[in-house]
Amino acid sequence: MAFDSLKHKAVKSEDGSFTAYSNEFEEHYHSTKDGALHESLCKHVYPALKHTQEKEEIFILDICFGLGFNTLATLYALKNSNKKIHIYSPEFDEDLVQSLVDFNYPKEFYTYKNIISVLAKTQKYESKKLSINIFLGDARVFVRETDIKFDIVYQDAFSPSTNPLLWTSEYFKDISSIMKKDAILTTYSTALATRIALEENGLKVYLHKGEGFRNATLASKIDLDYEKVDVAHKMRCNPQVNSLKD
Ligand SMILES: C[S@@+](CC[C@H](N)C(=O)[O-])C[C@H]1O[C@@H](n2cnc3c(N)ncnc32)[C@H](O)[C@@H]1O
């Protein structure tokens, strides 16, 4: 099956890796400016793996699978590691998942071609140290119904204005309840409404900034070694902003 379809088409991003544009959501899957691979590694994978480096086994919630960059970039970043990894990723676009066998991935992901074809066919991949499960359905339902507790949450849905139901306070309540005490959540969103929703649900909010990528957000129930965002102060300065609600 060709990747380009009426729903989405591949687009080259600034680091040379391809992302896609969704005609349905009218948005790119990644920041074309930061680059798909670069964004995935810098905003999600590196801070999350740094935070969990002492753990021998990690449970990751990848919201949502999309082109699978966050899952594949995790494997790439852990290629010399002995950790046991379990990745769960909701995605409601079954055609998209099936078409990933034809997606033009960066060379860093070439060794995972077999994993991609198995996932495209069965949505499950299992080896000694790795399990990946794509849940074909609504992320809200998965988050509400799973009894797994996660070490890492990659919050990488389309933007709050495009896909608000994956950014509401009620949604983050469910997310918070399936995060372990020391879990970390990563997201590209720096919107105050998102940060309020995180804080309303017991998560401390941190600014994640670095060379070569736009600012992002990290959150955890415990203290992190990053610049804490003073959400209460920002709310006083922007009284018109509130968290999104269902
Ligand atoms: C920004 S893309 C994810 C990018 C992905 N993390 C990657 O690295 O390629 C958002 C994805 O969320 C999916 N999606 C949107 N709303 C959803 C929902 N309620 N449940 C499950 N998947 C959803 C879309 O089909 C799309 O593939």
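Anything mentioned here points back to the structure above.
For the structure given in this document, a descriptive report is provided here. (Residues numbered from 1 in each chain as written. Predicted model: local features only at pLDDT ≥ 70, side-chain atom pairs only at ≥ 80, totals over all residues. Heavy atoms only, no water.)

## Describing the overall build of the protein chain
Spelled out, the test is: Think of it this way: any DSSP run of H or I at least four residues long counts as a helix, any run of E at least two long counts as a strand, and we number them from the N terminus. The size measure is the radius of gyration over C-alpha atoms, and the globule rule it meets is 2.2 Å times the number of residues to the 0.38 power. We call two residues contacting when some pair of their heavy atoms lies within 4.5 Å.
Of regular secondary structure, the protein chain possesses eight helices and 12 strands. Taking 2.2 N^0.38 as the reference for a compact globule, 246 residues should give roughly 18 Å; the C-alpha atoms of the protein chain span a radius of gyration of 17 Å, in line with that estimate. Dimensions of the protein chain, computed from C-alpha atoms along their principal axes, come out at roughly 50 × 40 × 35 Å. When contacts within the protein chain are restricted to residue pairs at least 6 apart in sequence, those whose partners lie at least 24 apart make up 67%.

## A few points about the packing of aromatic side chains
Threshold: Note on aromatic contacts: the rings of Phe and Tyr and the six-membered ring of Trp form a pair at centre separations within 6.5 Å, being stacked when their planes are under 30 degrees apart, edge-to-face when over 60 apart, and tilted otherwise. Think of it in three bands: residues with accessible area under 20% of the maximum for their type are buried, residues over 50% are exposed, and the middle band is partly exposed, with areas taken using a 1.4 Å probe on protein chains only.
Summed over all chains, the structure comprises 16 aromatic pairs. Plain terms: the ring middles of phenylalanine 69 and phenylalanine 103 are 6.3 Å apart, the flat faces sit at 80 degrees to each other, and that makes the pair edge-to-face. Taken together, the residues span a long stretch of sequence, with phenylalanine 69 in helix α2 (residues 69-77) and phenylalanine 103 in the loop between α3 (94-99) and α4 (113-122) at a distance of 34 residues. No difference in accessibility class separates phenylalanine 69 from phenylalanine 103, as the two residues are buried.

## Concerning the layout of surface pockets
What counts here: Think of a 1 Å grid over just the protein atoms. A cavity is a set of points where a 1.4 Å probe fits yet cannot get out, a pocket is an open set with protein on both sides within 12 Å along at least five of seven lines, and lining residues have an atom within 4 Å of a point. Grid points are joined across faces, edges and corners, and a volume is the space filled by probe spheres set on the points. When residue character is reported, Ala, Val, Leu, Ile, Met, Phe, Trp, Tyr, Cys and Pro are called nonpolar, Asp, Glu, Lys and Arg charged, and the others, Gly included, polar.
In this structure, the largest pocket encloses a volume near 700 Å³. The wall of the largest pocket is formed by 43 residues, among which Tyr29, Asp156, Ala157, Phe158 and Ser159 lie closest to the centre. Elements with a contribution of two residues or more to the lining of the largest pocket: β3 (27-28), α1 (36-51), α2, β5 (84-91), α5 (139-145) and β11 (213-220). The class makeup of the residues in the lining of the largest pocket is 16 nonpolar, 15 polar and 12 charged. In this structure, the second largest pocket encloses a volume near 220 Å³. As for the second largest pocket, its lining consists of Leu75, Leu78, Lys79, Ser81, Asn82, Lys83, Ile85, Tyr112, Tyr125, Ser127, Lys129 and Leu130. Its residues placed into classes, the lining of the second largest pocket shows six nonpolar, three polar and three charged.

## Some points on the sheet that holds strand β2 (residues 18-22)
Here is the rule: In this analysis, strands are considered paired if DSSP registers two or more bridges between them.
Read across the open sheet, the three strands follow the order β1-β2-β3; overall the sheet is antiparallel. Two strands lie at the open edges of the sheet, namely β1 (8-12) and β3, each paired on one side alone. Across two bridges, the pairing between β2 and β3 is antiparallel. The partner of tyrosine 21 across the bridge, within β3, is histidine 28.

## Notes on the side chain of threonine 71
Its place among the elements puts threonine 71 in helix α2. The exposure class of threonine 71 is buried, given its relative accessible area of 1%. For threonine 71, the contacting residues outside a window of four places in its chain are Asp62, Phe65, Ile87 and Ile132.

## Re empty space enclosed by the protein
Per the counting criterion, the structure on display carries one cavity of 30 Å³ or more. Forming the walls of the largest cavity are Phe65, Leu67, Leu72, Val97, Leu100, Tyr105, Ile116, Leu119, Ala120 and Ile134. Sorting elements by how many residues they give to the lining of the largest cavity places α4 first, with three residues. Tallied by class, residues from the lining of the largest cavity come to 10 nonpolar, no polar and no charged.

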